Amino acid sequence: MERPMQKLNDLSRSLTALDPDGTLIAVIEMSLSSWLVAGIVPGVERQPLKKLAVDENTLLKLLHRWQEEAKKAGRKIERIVVAFEAGRDGFWLARWLKARGIEAHVMHAASVAVSREHRRAKTDRLDAELLKRAFLGWLRGERDHCKMVAIPTIKDEDAKRPNREHESLVGEQSRIVNRMKAALIRLGIRGFNPKLKRAAGRLDGLHTPEGEPIPPNTLAELRRDMERRRLVRDQIRQIEAARLERLEDAPCAGPHAMVRLLARVIGVGIETADMLVHEVLSRNMRDRRAVARYAGLTGSPDESGRKRREKGLARSGNGRVRRGMVQLAWRFLMYQKDSALAQWFRARTENARGTRKPMIVALARKLLIALWRLVREGVVPNGVVLRPVQ
């Protein structure tokens, strides 16, 4: 009888056997001002705890010192493993340690179990102990004891920056426009569009319902907001032009081929295709369930005894992908009406009240999986129309 093929490691457990006598284990509780390092040193009864300044070289010296202590205790250290939680420090430390022969892992912070007490004690020392226990279970190969985050290369991280900056600038532009409209509405002025090219020249001709011109301080504020919006708009155009230039210079290089293929789907623009490829589709996902979980498009059931209810979306994944896919699902219904996915959606919402919003999430999940198969396996979703190859 043949055994089923083992699935790829989904980072929920270690596939390397743990040798307690030959493995030096350390976890780092990181903050802006200091690092608290907790270790398990073979042959040493005490479990050391050391507070360090934020300095990678000092950390490396500490690990080598603990390695020498284990050697003096008669233990030969063959493996040094270090783990810390994913946070604002990113992945640079993990890459730095790996380049120096240290096995580094980044833990998913939400996967570490904590006390359910209403007012639990929380200190760096207690957090380090929690990390250490969770990391030990992961190293022993216990499934779902905690989860690790895939460590990207600096090139992969840099590829995400244009899309994320674009999203931030678009939000800033909307905030500026809304602030200008609110300032005018407070004066009773409606119907003025600050996004028009000649909007700045029309400010002097605006009057309140009382017949008064715009007060000088408010007028100066509006002009500054218009200058700020013009700068933001120019930066958005620079990002979009640079993206198109990169796609034209290397159309078949790595993720660029995926972006061009996705952009052929009618209803999917370059911006959405670029975001999906760099945020999720270029990652090595185990299966379609992992793709849906990463986007946070899976449910969160609450079951106990006879109680069966659904608490809604887990929202534990990538928020950018989730928001983008829900928006794309609505567009997909407009531009791909004859596709099998659009027909599936209409069949389930045509005669049912209040089901469009829940079902659009289900459509977004199915659509994301279909696009993942499209860029990975070349399988075009049934009924989906593609633009001709340029």
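The structure we're discussing is the one just above.
As a starting point, this report considers the structure included with it. (Residues numbered from 1 in each chain as written. Predicted model: local features only at pLDDT ≥ 70, side-chain atom pairs only at ≥ 80, totals over all residues. Heavy atoms only, no water.)

### Considering the overall build of the protein
Moving on, step 1. A count of helical and extended segments in the protein gives 12 helices and eight strands.
Moving on, step 2. Taking the principal axes of the C-alpha coordinates as reference, the protein spans close to 90 × 60 × 55 Å.
Moving on, step 3. Residues classed as buried in the protein amount to 40% of the 390 residues present.
Moving on, step 4. Counted over contacts in the protein with a minimum sequence separation of 6, partners at least 24 positions apart contribute 59%.
Moving on, step 5. As presented, the protein carries roughly 23600 Å² of accessible surface, and 49% of it is formed by carbon and sulfur atoms.
Moving on, step 6. For the protein, the distance from the average site of its 77 positive side-chain charges to the average site of its 47 negative ones is 5 Å. (Helix = DSSP H or I, 4+ residues; strand = E, 2+ residues; numbered from the N terminus. Buried < 20%, exposed > 50% of the residue type's maximum accessible area, 1.4 Å probe, protein only. Contact = heavy atoms within 4.5 Å. Areas by Shrake-Rupley, 256 points an atom, 1.4 Å probe, with all protein chains shown as cover. Lys, Arg positive; Asp, Glu negative; His and termini not counted. Charge placed at Lys NZ, Arg CZ, Asp CG, Glu CD.)

### Concerning the packing of helix 7 (residues 255-263) against helix 12 (residues 356-377)
Moving on, step 1. One can describe the packing of helix 7 onto helix 12 by two numbers: an axis separation of 10 Å at closest approach and a directional angle of 125°. Comparing the axis directions of helix 7 and helix 12 gives the class oblique. The handedness of the crossing between helix 7 and helix 12 is right-handed. For the pair formed by helix 7 and helix 12, the contact residues are Met258, Leu261 and Leu262 on the first element and Leu371, Leu374, Val375 and Arg376 on the second.
Moving on, step 2. By residue class, the composition of the contact of helix 7 with helix 12 is six nonpolar, no polar and one charged. (Axes fitted to C-alpha atoms, helices over the stretch in contact; angles between N-to-C directions. Parallel < 35°, antiparallel > 145°, perpendicular 65-115°, else oblique. Left-handed = near helix turned anticlockwise from the far one by under 90°. Nonpolar A, V, L, I, M, F, W, Y, C, P; charged D, E, K, R; others polar.)

### Here we look at the sheet that holds strand 5 (residues 103-107)
Moving on, step 1. Strand order in the open sheet made by the six strands is 3-2-1-4-5-6, with mixed pairing throughout. The two strands at the open ends of the sheet, each matched to only one other strand, are strand 3 (49-53) and strand 6 (148-149).
Moving on, step 2. Relative to strand 2 (residues 34-40), strand 1 (residues 23-30) runs antiparallel, the two being bridged by six bridges. When the bridges of strand 2 are listed, Ala26 appears paired with Gly39.
Moving on, step 3. Set on the sheet, helix 1 (residues 56-72) makes contact with strand 1, strand 2, strand 3 and strand 4 (79-85); between it and strand 2 the angle comes to about 15°.
Moving on, step 4. Sheet strands touched by helix 3 (residues 124-139): strand 1, strand 2, strand 3, strand 4, strand 5 and strand 6. Its angle to strand 1, the strand with the most contacts, is close to 140°. (Pairing = 2+ DSSP bridges.)

### Observations regarding helix 10 (residues 319-335)
Residues spaced three or four apart along an α-helix point in a common direction, a consequence of the helix completing one turn every 3.6 residues.
Moving on, step 1. Between the first and last C-alpha of helix 10 there are 24 Å, a value that for 17 residues agrees with the 24 Å anticipated at 1.5 Å per step.
Moving on, step 2. Elements in contact with the buried residues of helix 10: helix 8 (270-281), strand 8 (307-313), helix 11 (340-349) and helix 12.
Moving on, step 3. Two or three places before Arg320, at the opening of helix 10, Asn318 has a side-chain oxygen 3.0 Å from that residue's backbone nitrogen. (Expected span 1.5 Å × (residues − 1). Polar contact = N/O pair within 3.5 Å; in protein donor to acceptor, adjacent residues only side chain to side chain.)

### Details of the nonpolar core
Moving on, step 1. Leu262, Leu276, Leu281, Met325 and Leu368 are the most contacted members of the largest nonpolar core, which has 41 residues in total.
Moving on, step 2. Counting only elements with at least two residues in this core, the list comes to helix 7, helix 8, helix 9 (288-294), helix 10, helix 11 and helix 12.
Moving on, step 3. A per-element tally of this core places helix 12 first, with 13 residues.
Moving on, step 4. Residues contacting Leu281, with those up to four places away along its chain left out, are Met258, Leu262, Leu276, Leu368, Leu371, Trp372, Val375 and Arg376.
Moving on, step 5. Residues Val37, Leu60, Leu63 and Leu93 belong to the second largest nonpolar core, which totals 27 residues. (Core = buried A, V, L, I, M, F, W, Y, C linked by side-chain atoms within 4.5 Å.)

### Some remarks on the packing of helix 7 against helix 8
Moving on, step 1. Between helix 7 and helix 8, whose axes approach to 9 Å, the crossing angle comes to 135°. Looking at the two axes, helix 7 sits oblique to helix 8. Classified by chirality, the crossing of helix 8 by helix 7 is right-handed. Contacts from Pro255, Met258, Val259, Leu262 and Ala263 of helix 7 reach helix 8 at Ile270, Ala273, Asp274, Leu276, Val277, His278 and Leu281.

### Some words on a positive patch on the surface
Moving on, step 1. The grouping of Lys147, Arg288, Arg289, Arg293, Arg348 and Lys366 at the surface amounts to a positive patch.
Moving on, step 2. With respect to the secondary-structure elements, Lys147 resides in the loop between helix 3 and strand 6. (Patch = residues over 30% accessible without salt bridge, like charges linked within 9 Å, V, L, I, M, F, W, Y side chains within 5 Å. Salt bridge = Lys/Arg side-chain N within 4 Å of Asp/Glu carboxyl O.)

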